[in-house]
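Report on the structure
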Amino acid sequence: MAHSARQSQVHSPRLDSKVPSGLLQQKWDIYKNQVSLVSPANKRSHHILVVGSGLAGASAAATLAGLGYQVTCFCIQDSPRRAHSIAAQGGINAAKNYPNDGDTVWRLFYDTIKGGDYRSREANVYRLAEVSNNIIDQAVAQGVPFAREYGGVLSNRSFGGAQVSRTFYARGQTGQQLLLGAYQALSHQIAGGRVKMLPRREMVDLVVANDRACGLIARNLLTGELERYAGDAVLLCTGGYGNAYYLSTNAKNSNVTAAWRCHKRGAFFANPCYTQIHPTCIPVSGDYQSKLTLMSESLRNDGRVWVPNDPHDERAPEMIPEDARDYYLERRYPSFGNLVPRDVASRASKKECDEGRGVGETRLAVYLDFAHSIERLGEHTIRERYGNLFEMYQRITGDNPYQTPMRIYPAVHYTMGGLWVDYELQSTVPGLFVLGEANFSDHGANRLGASALMQGLADGYFVIPYTLGAYLAGHNQSDQVSETHDSFAAVEKEASDRIDRILHNDGDKSPTVFHRELGRLLWDHVGMSRHREGLESSLQAIETLEDEFWERICVPGSADRYNKNLEFAGRVADFLELGSLMARDALRREESCGGHFREEYQTPEGEAARDDEAYADVAAWEYQGRDPILHLEQLTFESVHPSKRSYK
Amino acid sequence: MKLMSALMSPVGRKVLTGVTGIGLVAFVIAHMIGNLTYLSPNEHAYNTYAYKLISLGWIFYTIEILLALCFILHAIVGISIQIRRRKARPDGYKKYKSAGSPSYQGYSARSMIFTGIILLGFLVLHLISFKYGPGQAEGYTVTLPSGEEVRDLRRLMTEKFQEPLYAFGYPIIMLLLGMHMRHGVWSALQSLGMMSRRLSPLVYSLAAVLGILVAVGFLFVPLYIYFW
Amino acid sequence: MVINLRVWRQEGPDSSGRLVDYTVNQASEHMSFLELLDVLNEQLLQSGDDPVEFDSDCREGICGSCGLMVAGIAHGPQKRTAVCQLHMRSFKDGDTITVEPFRARAFPIIRDLVVDRSAFDRIIAAHGYVSVTTGSAPDANAIPISKDLADDAMDYAACIGCGACVAACPNGSASLFTAAKISHLGLLPQGRVEASQRVMAMVDQMDVEGFGDCSNYAECEAVCPKGISIEGIARMRRSYMKGVLSE
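Note that this is a predicted model, so its numbers are computed, not measured.

1. Regarding the overall build of chain A
Secondary structure assignment for chain A yields 17 helices and 20 strands. Here the C-alpha radius of gyration of chain A, 24 Å, is about what a compact globule of 648 residues would show, namely 26 Å. Reported as C-alpha extents along the three principal axes, the dimensions of chain A are approximately 75 × 60 × 50 Å. Of the contacts made within chain A by residues no fewer than 6 positions apart, 75% connect residues no fewer than 24 positions apart. Of the roughly 20700 Å² of accessible surface on chain A, a fraction of 48% belongs to carbon and sulfur atoms. Taken together, the 70 basic and 81 acidic charged side chains of chain A have centroids lying 3 Å from each other.

2. Looking at the environment of Lys14 of chain B
Structurally, the position occupied by Lys14 of chain B is in helix H2 (residues 10-36). On the basis of relative accessible area, Lys14 of chain B is assigned to the buried category, the value being 5%. Residue contacts for Lys14 of chain B: discarding those within four places in its chain leaves Ile81 and Ser191 of chain B together with Cys214, Ser215, Asn216 and Arg237 of chain C.

3. Digging into a nonpolar patch on the surface
All names here are of chain B. A contiguous nonpolar patch, built from Leu39, Phe168, Ile212, Val216, Phe220, Tyr224, Tyr226, Phe227 and Trp228 and spanning about 960 Å² of accessible area, is present on the exposed surface. Per-element accounting of the nonpolar patch gives the leading share, 6 residues, to helix H9 (residues 199-227). Position of Ile212 relative to the elements: it lies in helix H9.

4. Regarding the side chain of Asp117 of chain A
Residue and element names in this part refer to chain A. Structurally, the position occupied by Asp117 is in the loop between helix H4 (105-115) and helix H5 (122-142). Classification of Asp117 by relative accessible area gives buried; the value is 3%. Side chain to side chain, Asp117 and Arg610 meet in a polar contact 2.8 Å long. With residues near it in sequence (within four places) discarded, Asp117 still touches Ala445, Ser592, Cys593, Gly594, Arg610 and Arg645.

5. Concerning the sheet that holds strand E15 (residues 366-369) of chain A
All names here are of chain A. An order of E12-E16-E15-E13-E14 is seen for the 5 strands of this open sheet, with the pairing classed as antiparallel. Of all strands in the sheet, those with a lone pairing partner are strand E12 (275-281) and strand E14 (325-326), marking the two edges. In this structure, strand E13 (residues 304-308) lies alongside E14, joined through 2 bridges in antiparallel fashion. From the neighbouring strand, Val307 faces E14, where its bridge partner is Asp326. Each of E12, E13, E14, E15 and strand E16 (406-415) is contacted by helix H9 (residues 342-354), which is oriented at about 65° to E12, the strand it contacts most.

6. Observations regarding the nonpolar core
Leu235 of chain A together with Leu5 and Phe33 of chain C are the most contacted members of the largest nonpolar core, which totals 317 residues. Apart from residues no more than four positions distant in its own chain, Phe33 of chain C is found in contact with Leu5, Leu68, Val70, Val83, Leu86, Met88, Phe91, Ile97 and Val99 of chain C. Counting 7 residues, the second-largest nonpolar core is a separate cluster that includes Trp306, Tyr327, Val359 and Ala365 of chain A.

7. So, the pairing of strand E19 (residues 617-622) of chain A
Residues and elements named next belong to chain A. By the criterion of burial, E19 is predominantly enclosed, with 6 of the 6 residues buried. Because side chains alternate across E19, one face comprises the buried residues Asp617, Ala619 and Trp621, and the other comprises Val618, Ala620 and Glu622, equally buried. Two strands pair when backbone bridges link them, and strand E11 (residues 269-270) and E19 are joined in this way by 2 bridges, in the antiparallel orientation. Residue pairing in the sheet places Phe269 in a bridge with Trp621 of E19. Bridge count between E19 and strand E20 (residues 629-634): 6 bridges; the pairing is antiparallel. Within the sheet, the bridge partner assigned to Val618 lies in E20 and is Glu633.

8. Some words on the interface of chain B and chain C
The partner chain C presents 53 residues to the 45 residues of chain B that form the contact. Summed over the shared surface of chain B and chain C, the number is 6 salt bridges. One salt bridge in this structure joins Arg84 of chain B and Asp207 of chain C, with 3.4 Å as the shortest N-O distance. For the pair chain B and chain C, the interface holds 36 residue pairs in polar contact (both at pLDDT 80 or more).

Reading the values: the criteria
- Residues numbered from 1 in each chain as written.
- Chains lettered and ligands numbered in written order.
- Predicted model: local features only at pLDDT ≥ 70, side-chain atom pairs only at ≥ 80, totals over all residues.
- Heavy atoms only, no water.
- Helix = DSSP H or I, 4+ residues; strand = E, 2+ residues; numbered from the N terminus.
- Rg over C-alpha atoms; globule rule 2.2 N^0.38 Å.
- Contact = heavy atoms within 4.5 Å.
- Areas by Shrake-Rupley, 256 points an atom, 1.4 Å probe, with all protein chains shown as cover.
- Lys, Arg positive; Asp, Glu negative; His and termini not counted.
- Charge placed at Lys NZ, Arg CZ, Asp CG, Glu CD.
- Buried < 20%, exposed > 50% of the residue type's maximum accessible area, 1.4 Å probe, protein only.
- Patch = residues over 30% accessible without salt bridge, like charges linked within 9 Å, V, L, I, M, F, W, Y side chains within 5 Å.
- Salt bridge = Lys/Arg side-chain N within 4 Å of Asp/Glu carboxyl O.
- Polar contact = N/O pair within 3.5 Å; in protein donor to acceptor, adjacent residues only side chain to side chain.
- Pairing = 2+ DSSP bridges.
- Axes fitted to C-alpha atoms, helices over the stretch in contact; angles between N-to-C directions.
- Core = buried A, V, L, I, M, F, W, Y, C linked by side-chain atoms within 4.5 Å.

Structure, rendered in C-alpha cells:
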C-alpha cells in the first residue's frame with residue numbers, strides 16, 4: 001500500500017507540457033504567433049461546454065461567445081453570479097507598477113514562482129504575470145469599482161509574499177466585483193443568444209469517445225433528470241477540492257465531483273497534496289460548525305499577530321502589556337514580518353498553539369491586533385480599509401475588533417493541486433480543458449495572496465481563447481459524436497446506477513456524518529503538517545471509511561426532485577476517493593515545500609526543507625481504483641534558480 | 001407613443017403619481033389658506049376671495065380641469081399599484097413585520113390606499129355639498145362692499161359646520177389627509193428622483209410637519225364655527 | 001438553548017404548503033441560523049423524515065444564495081446581515097421562530113424554502129452590463145474616476161442579489177435590486193455610455209417579470225444585507241426620465 005521506495009525520476013511520456021521553445025519572455029508571443037486560428041464562420045459551428053461560472057468559467061464562456069463560438073455554460077447554483085469566486089476578499093495582483101515601487105512582469109513572475117516554492121512550471125507562471133495587466137484593464141472597462149486614490153487613479157495595497165504594492169482591490173469584496181464583472185459580460189452574451197446558461201446543473205460525468213472529450217452528463221438539480229450534452233470541447237472550471245476537509249472556507253456546494261469524474265475518465269490528477277491553509281480565519285466554535293470564514297489576508301497589512309508569552313496568562317488581551325506579548329512573526333521573520341506567505345504564517349500559528357500558547361476557549365487561536373494601527377492611523381482609516389471585514393467578524397463572534405484583538409486560526413482555503421494540464425490548459429484527455437483553481441498549473445506548492453483571481457481570469461479571458469482554437473483547428477469534426485451515441489447512453493447508465501445505489505442503500509448515516517469524519521482525518525493527518533505514520537494510518541482509515549460509506553449511507557427522498565442530501569452524498573463519495581489520493585501523494589513527496597510540510601523534512605530552525613534533487617517534479621496520478629499510477633513531469637528551471645525560500 | 005409606454009412603466013407610474021400628488025398638495029395648501037380667510041375680522045374676506053378666484057375666468061377653469069385630471073390620474077395609478085401588489089404576491093406571509101428604520105413603512109405609508117380611497121369619497125361628497133351645493137338661485141346671495149352680488153359661500157359654510165356630522169367628520173378626514181401627505185409628500189419627491197441619502201430623513205420629517213400643518217389648518221374653521 | 005421552529009413545508013411548485021412545528025433542543029448561541037436548520041435536518045433524517053430544503057452556499061454573506069423570512073423579516077431581525085450570518089445569539093432560549101420562503105409571484109417556490117430567483121438574472125441580461133468585449137479595454141488608468149464616485153458606485157455594486165428587497169417589499173417590487181445595478185454602472189464613466197438604454201431595458205424587464213410597483217416604503221433598504229440605499233431608486237428614476245426625454 002505505502003510507497004516506501006522513491007519513484008523513479010523519469011519524465012512520463014504522457015505528460016508533454018507543450019511549452020513553446022524560446023526565451024521565457026517570448027514564449028507566449030511565439031505561441032500566439034504560431035497558433036492555428038479558427039475562422040469566424042467555423043467558430044459558429046463549434047459548440048463549447050463550459051462547466052462552472054466562477055471567474056474562470058464566466059470569463060471563458062463570455063469571451064468564447066464573444067468570439068463567435070456557441071457556448072453552453074453550466075452552474076450548480078441557482079445563478080451564475082453565486083459561484084464561490086464571489087467570496088474572495090482581498091484583491092488581485094497585476095504588474096502595473098502604478099505605485100512606481102519597482103514592480104515588473106518579471107518580479108510578479110518571480111514572486112509567484114518563489115511563493116510556490118519552485119513547484120510550478122516557469123512558462124505558465126510567466127504567462128500569468130504577463131497577462132495580469134490586461135485583466136485589470138478589462139475589469140475596469142466592465143465597470144468594476146476598484147478602490148481609487150483622491151486623484152482618480154487606481155489604488156494598490158501590499159499582500160503577503162511580495163515587497164511591492166501590486167494588489168488591486170474593491171473594499172473587501174474584490175472577488176465579488178470581479179465575478180460580477182464576468183457575470184455581466186456573460187449575461188450580455190446570454191442576452192445575445194450566444195451562451196445558453198443552465199443553472200442548477202451538476203456535471204456528474206464526462207463522456208469520452210474516439211479518445212477525446214465529446215460531452216458530459218449533467219443532473220438537473222430541480223427535476224433530478226440526467227441530461228446529455230455533446231460538444232466539441234469541455235472546459236472544466238469547477239474550482240478546488242478544499243471541501244474534502246469538510247470545514248474550509250469554501251462554499252457548501254464547492255466540490256470535486258466534476259473534476260474527479262474527469263479523473264476517472266482519464267484526466268490525471270496532479271499534486272493533490274498541495275493544499276493551502278489560510279492563516280487568518282475565524283476559529284471553530286463547535287461541532288455543528290458547517291464552514292469557516294476567512295478574514296482577508298489584507299488584514300495582516302495593519303494587524304499584528306501575537307500570543308501571550310506565558311501560556312497561563314488568562315488576562316483579557318487588551319490588559320496584557322507589551323512585554324508579555326510575543327509578536328512571533330515579526331520576531332521570526334524580521335524582513336517580511338506579519339506579511340510572510342500563507343503557509344509560513346499558518347504553520348507558525350499552529351506551532352504556537354501546539355506549544356500551548358493558543359488563546360480563546362478552544363486554545364486554537366492567536367490574536368490579530370489592530371490597536372497599534374488604530375493609534376497610528378486613526379479608527380477612521382482602519383474602518384475605511386477593513387470596515388466590512390470588522391463588521392463580519394463582529395457578526396460572527398460577537399466581539400468588536402476595534403476594541404479587542406481578533407482571534408484567528410488557520411483554515412483550509414485553496415487547493416493548488418488539480419487536474420494536470422499542459423501549457424494549453426488541456427488535460428490528458430484531449431478536448432478536456434481545465435481552468436482556474438480546478439487545474440494545478442500556476443501556483444506550485446503554495447499560492448500567494450491575490451493570485452487566485454488573477455489566475456482564474458487570466459485562464460478565461462486571455463489564455464483559453466487562443467489555446468482552444470489550436471485544439472479545434474486540428475480537430476476532425478467527423479470524430480464528433482452526438483447525444484444519441486452509445487457512449488452517452490453508457491455513461492448516463494453508470495451515473496443513474498450510482499444515484500440508485502445511494503438512494504436505495506438501507507443505511508443509517510447521513511452524508512454529513514461521513515464528510516465530517518473524512519474532514520477530521522484529513523485535517524489531522526494531511527493538513528498543516530504531515531508525517532509518514534499519520535499519512536499511512538489515515539490512508540487506511542479513509543479507505544475503511546469509504547467502505548463504510550457504501551454500506552451505511554442513508555439518503556431520504558427520491559431522485560426525481562430537489563434533494564440536497566442526494567447531491568451531498570454523491571460529492572462525499574468522490575471526496576472519499578480523493579482523500580486517499582491526497583494522503584498517497586503526501587506520502588510520496590518526501591520533502592517539505594509550500595503547503596506540504598512533512599515533519600521528517602525540516603531544517604533545524606523548523607522551516608520547510610525542500611529536496612530539489614529528488615522532487616522538482618509534478619506528481620500526476622492516473623486513476624486506477626485504489627492503486628493509482630504515478631506519472632512525473634520533471635520541472636526544469638531555465639530562467640530562475642530554485643533558491644531556499646526565505647522570508648527572514 | 002414612446003412617451004405613453006414610458007408613463008405606463010414602473011418608473012412612469014411613479015412619476016405620474018408623484019407629479020399629480022405634488023399638484024394636489026399645492027391645491028390643498030392653497031385651499032387651506034383660502035379657508036383661513038373665513039377667520040378674518042373682515043366678514044367679506046372669504047366671499048371676496050371666492051369671487052376673485054371665479055373671476056379669473058379661463059385661467060380658473062384650466063386649473064380646475066388640471067386638478068380634476070390630477071385627482072383622476074392619481075387615483076387610477078394608485079389603485080392600479082394596489083392591484084399589481086396583489087398580483088405580485090398572491091400568497092401572503094403567515095408572519096410579516098417591518099424591520100424598522102430606515103424603513104418608512106409606518107402607519108401612514110401602509111394606509112396610503114385606504115386614506116386615498118376615503119379622500120376620494122370625501123372629495124365627491126365635498127363637491128356635492130359645496131361646489132355644487134345651493135347657490136345664488138337658492139338664495140345664498142351676498143353683496144360685496146365693492147357692489148358685486150355673489151354667491152354667499154360663507155353662509156353655506158357656517159350652516160354646514162353647525163351640523164355635528166360635518167363639524168366632526170370633516171376634521172377626521174383632514175387628519176387622514178395629513179397622514180396621506182405625511183408619506184405622500186416625501187414619496188412624491190422620491191418618485192421624481194429628487195431624494196438622496198442625506199436629504200431623505202430631513203424631507204421625511206418636513207413632510208410630517210407639513211401634513212400636520214395642513215390638517216390643523218383645515219381643522220380651525222369647522223371647529224371655530226361649531227364651538228363659537 | 002431550545003428553539004421552536006415553525007417551518008414552511010411545501011412539496012413542489014404546485015402543491016399547497018403549510019407551517020410545521022419542530023423543536024431543536026441542541027441549539028447553541030454561537031450557531032448560525034442555517035446551522036440550526038442543519039441540526040434540524042440531521043434530526044429529521046434520523047427519524048426518517050424528509051429534511052427541510054433550503055438554498056445556501058458561501059455561508060459568509062456574499063453569494064446571495066440563502067434567503068429566508070425569519071420571524072417575519074427577510075434574513076431575520078439583525079440588520080445588515082444575511083441569514084447565513086445571523087447567529088442564534090439574536091434569539092432567546094425557548095423562542096418560537098417562524099421560517100418562510102421569500103414570497104413573490106416572480107420568485108416561485110421550488111420546494112420548502114427554496115425559490116426560483118432567475119428573474120433577477122433576466123433583469124441583468126436585459127442590460128445590466130457594459131458592452132465591452134474581451135481585449136478591447138484601454139489602460140485601466142486612462143479615465144480617472146474620483147474616489148467619491150468610485151466609492152458610491154461600490155456601495156451599489158455590493159448588491160448580492162439575494163432577493164430580500166423583493167421579499168420584504170409589501171408590493172413585491174424589485175426596484176432596489178434593479179436600481180443598484182443601474183446606479184453602480186451609471187455612476188461610472190465606463191457605464192454611462194449606455195445608461196439610457198440600460199435603464200429602459202432593465203425597468204421594462206422588471207415589469208415583464210411580474211414584480212410589483214415601488215411605493216417608497218424603504219423596507220428593502222432596511223432588510224438589505226448590504227444596506228443599499230433607496231437613493232439608488234431615485235437615481236434610477238432620474239436616469240429613466242432623462243432617457244425618455246432624450247429620445
